[in-house]
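These are the residues of each chain, in order.
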Amino acid sequence: MILPIVAYGDPVLRKKGEDITADYPDLQQLIDDMFETMYNASGVGLAAPQIGRSIRLFVIDTTSFVEENEEDEEGLKDFKEVFINARILEEEGKEWAFNEGCLSIPDIREDVSRQEEIRIEYYDRDFNRKEAVFSGLKARVIQHEYDHIEGILFTDHLSPLRKRMIKGRLSNISKGKLNVAYKMRFPKI
Ligand code: NI
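These figures come from a predicted structure and were not determined experimentally. (Residues numbered from 1 in each chain as written. Predicted model: local features only at pLDDT ≥ 70, side-chain atom pairs only at ≥ 80, totals over all residues. Heavy atoms only, no water.)

Q: Help me out: how do you make sense of the pattern of salt bridges in this one?
A: Opposite charge on two side chains permits them to pair, given that their charged atoms come into close proximity. Evaluated as defined, the whole model comprises 17 salt bridges. A salt bridge links R185 to D10; its shortest N-O distance comes to 3.0 Å. With a gap of 175 residues between them, R185 in strand β7 (residues 184-185) and D10 in the loop between β1 (5-6) and α1 (27-40) connect regions that are remote in the sequence. Classification of R185 as partly exposed rests on a relative accessible area of 37%. (Salt bridge = Lys/Arg side-chain N within 4 Å of Asp/Glu carboxyl O. Helix = DSSP H or I, 4+ residues; strand = E, 2+ residues; numbered from the N terminus. Buried < 20%, exposed > 50% of the residue type's maximum accessible area, 1.4 Å probe, protein only.)

Structural data, given as structure tokens:
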């Protein structure tokens, strides 16, 4: 089932997500719904707060980063993973800029600087504990989604000048003044 995606301005996007347990109600269905919602909106990642749940869960599938016939040096084509109760243990390496967007903030894309490598502990959808190191674009998408479960948005990382420049557009998004191809839920005003 496709779920409405919560738009910028909704307080749920600012809450720190809570850990969940394996008996969280309808967890497998929720994960499937999140993937379906993400694919429908052509996203590569979606975090639970973006569908209105303040829990530490996000899903990622970077397949669409790679065009057909394009080299897939980073192994993005088969990177599909569920992250439950994730904790970033370490961030390392040089900061690099990448043009990020967010399904909760349609039509705004900005360069964001983040470190190149992370070590993360999490549980997969079957609640197997995992600890892994990710770098490059995989790390990038994880860092973005991880921010969501910490109540942080990519626009928080922008310079004061960039923030001022997009202020009006952000305010329009929270008022629902935009055309978007997928179902969204706008904060009550
Ligand atoms: Ni996002």
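Q: Whenever I open this one, helix α3 (residues 160-174) confuses me. Can you help?
A: Think of an α-helix as 3.6 residues a turn; residues three or four steps apart then line up on the same face. Compared with the 21 Å implied by 1.5 Å per residue over 15 residues, the 20 Å span of α3 between its first and last C-alpha is a close match. Along α3, the largest kink reaches about 50 degrees and is centred on K167. The complete set of buried residues in α3 reads I166, L170, I173 and S174. Residues of α3 that are buried in the fold lie against β5 (105-123). Positive backbone phi, at 75 degrees, marks G176, one or two positions downstream of α3. (Expected span 1.5 Å × (residues − 1). Bend = angle between axes of the 7 residues up to and from the residue. Contact = heavy atoms within 4.5 Å.)

Q: Explain the environment of I60 to me, please; I cannot follow it from the model alone.
A: Tracing the sequence through the fold places I60 in strand β3 (residues 57-61). In this view, I60 contacts F35, M38, V44, G45, F79, K80, E81, F83, V141, I142 and E145; residues no more than four positions away in its chain are not counted.

Q: Please clarify how the side chain of Q143 should be interpreted in this entry.
A: In this structure, Q143 sits in helix α2 (residues 136-149). Beyond its immediate stretch of four places on either side in the chain, Q143 contacts E91, R114, Q115 and I118.

Q: What am I meant to see in the side chain of E145 here?
A: Inspection of the secondary structure assignment puts E145 in helix α2. Salt bridges are absent for the buried E145, whose nearest opposite-charge side chain, R114, sits at 8.5 Å. In contact with E145, other than residues within four places in its own chain, are G45, L46, A47, Q50, F58 and I60. (Lys, Arg positive; Asp, Glu negative; His and termini not counted.)

Q: Sorry, what's going on with the sheet that holds β3 here?
A: Strand pairing in a sheet relies on backbone hydrogen bonds. The paired strands run either parallel or antiparallel. Ordered in space as β2-β3-β4-β5-β6, the 5 strands form an open sheet in which the pairing is antiparallel. Of all strands in the sheet, those bounded by a partner on one side alone are β2 (45-47) and β6 (129-135). The mean inter-strand angle of the sheet, taken between neighbouring strand axes irrespective of direction, is 45 degrees. Direction of pairing for strand β4 (residues 80-102) relative to β5: antiparallel, over a ladder of 13 bridges. When the sheet's bridge partners are listed, I84 is paired in β5 with Y123. The strands touched by α1 are β2, β3 and β4; relative to β3, the strand with the most contacts, the crossing angle is about 45 degrees. (Pairing = 2+ DSSP bridges. Axes fitted to C-alpha atoms, helices over the stretch in contact; angles between N-to-C directions.)

Q: What is the right way to read the pairing of β5 from this model?
A: Look at any regular strand and the pattern is simple: side chains alternate between the two faces of the sheet. Two successive antiparallel strands, β4 and β5, enclose a turn made up of 2 residues. Where β5 meets β6, 7 bridges bridge the pair, whose relative direction is antiparallel. The partner of E117 across the bridge, within β6, is S135. The antiparallel hairpin formed by β5 and β6 contains 5 residues in its connecting segment, where F127 sits at a positive phi of about 60 degrees.

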